[in-house]
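Structural features, examined
Below are the chains, spelled out letter by letter.
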Amino acid sequence: MQHIFKVETLSELIWVLIGLSGQLMFSMRFILQWLASEKEHKSVVPVAFWYFSIIGGVILLAYALYRQDPVFVLGQALGIFVYARNLYLLHAERHNAA
């Protein structure tokens, strides 16, 4: 399996699997958004979209840090901030409405 992912050590293989799990979280958020929109027959962004975004972003940030990729690190760090801010705004809106 290590030759498939072009890694030479078990540690590198584990990090590639971590990166793939982060990518899976990102994929799940789009699938979730698509299914919710189809159900409502309009564009919908469920709260879970932002949770999947944060989870995927944190996992991919860890992977980017391991790979020491500054472009990937900056992109993920900014994204995590945006996802967290959206969740904060949603929760604040619900709290103020109550």
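Read on for a plain summary of the structure. None of the values given here were measured: they were computed from a predicted structure. (Residues numbered from 1 in each chain as written. Predicted model: local features only at pLDDT ≥ 70, side-chain atom pairs only at ≥ 80, totals over all residues. Heavy atoms only, no water.)

The next thing to look at is helix α3 (residues 70-97). Given a rise of 1.5 Å per residue, 28 residues ought to cover 40 Å, and the 41 Å separating the end C-alpha atoms of α3 matches this to within 8%. Against the buried residues of α3 lie α1 (10-40) and α2 (47-67). At the N-terminal end of α3, a side-chain oxygen is found 3.1 Å from the backbone nitrogen of Val71, two or three residues along, and the residue is Asp69. (Helix = DSSP H or I, 4+ residues; strand = E, 2+ residues; numbered from the N terminus. Expected span 1.5 Å × (residues − 1). Contact = heavy atoms within 4.5 Å. Polar contact = N/O pair within 3.5 Å; in protein donor to acceptor, adjacent residues only side chain to side chain.)

Bringing unusual backbone geometry into the picture now. Backbone geometry at His41 places phi at a positive 60°, although glycine is not the residue there. Relative to the elements of secondary structure, His41 occurs in the loop between α1 and α2. The class for His41 is exposed, based on a relative accessible area of 72%. Here Gln68, not a glycine, exhibits a phi torsion of approximately 55°, which is positive. With respect to the secondary-structure elements, Gln68 resides in the loop between α2 and α3. A relative accessible area of 67% means that Gln68 is categorised as exposed. (Buried < 20%, exposed > 50% of the residue type's maximum accessible area, 1.4 Å probe, protein only.)

Moving on, we come to the nonpolar core. Ranked by size, the top nonpolar core spans seven residues in total: Phe26, Val47, Phe49, Trp50, Leu60, Tyr83 and Leu87. Broken down by secondary-structure element, the contributors of at least two residues to this core are α2 and α3. The greatest single-element share of this core, amounting to four residues, is contributed by α2. If we ignore the near neighbours within four places in the chain, the residues touching Trp50 are Val45, Tyr83, Asn86, Leu87 and Leu90. (Core = buried A, V, L, I, M, F, W, Y, C linked by side-chain atoms within 4.5 Å.)

Given a rise of 1.5 Å per residue, 31 residues ought to cover 45 Å, and the 45 Å separating the end C-alpha atoms of α1 matches this to within 8%. Taken residue by residue, α1 has Leu13, Val16, Gly19, Gly22, Met25, Phe26, Arg29, Gln33, Ala36 and Ser37 as its buried positions. Those residues of α1 that are buried are in contact with α2 and α3. Two residues or fewer past α1, His41 is found with a positive phi of approximately 60°.

Going through the model one piece at a time under the given rule, you end up with six aromatic pairs. An angle of 75° between the planes, with centres 6.0 Å apart, marks the rings of Phe30 and Phe49 as edge-to-face. In this pair, Phe30 is assigned in helix α1 and Phe49 in helix α2, connecting sequence segments 19 residues apart. With centroids separated by 6.2 Å and ring planes inclined at 40°, the aromatic side chains of Trp50 and Tyr83 adopt a geometry described as tilted. A residue pair is termed long-range when its members are at least 10 positions apart, and Trp50 in helix α2 and Tyr83 in helix α3 qualify at 33 residues. The pair formed by Trp50 and Tyr83 is uniform in burial state, with each residue classed as buried. Joined through ring pairs, the aromatic side chains of Phe26, Phe30, Phe49, Trp50 and Tyr83 make up one cluster. Of note, Arg29 hangs over the ring of Phe26, and the distance from its end group to the ring centre comes to 4.2 Å. (Phe/Tyr/Trp six-rings, centres within 6.5 Å; stacked < 30°, edge-to-face > 60°. Lys NZ or Arg CZ within 6 Å of the ring centre and 35° of its normal.)

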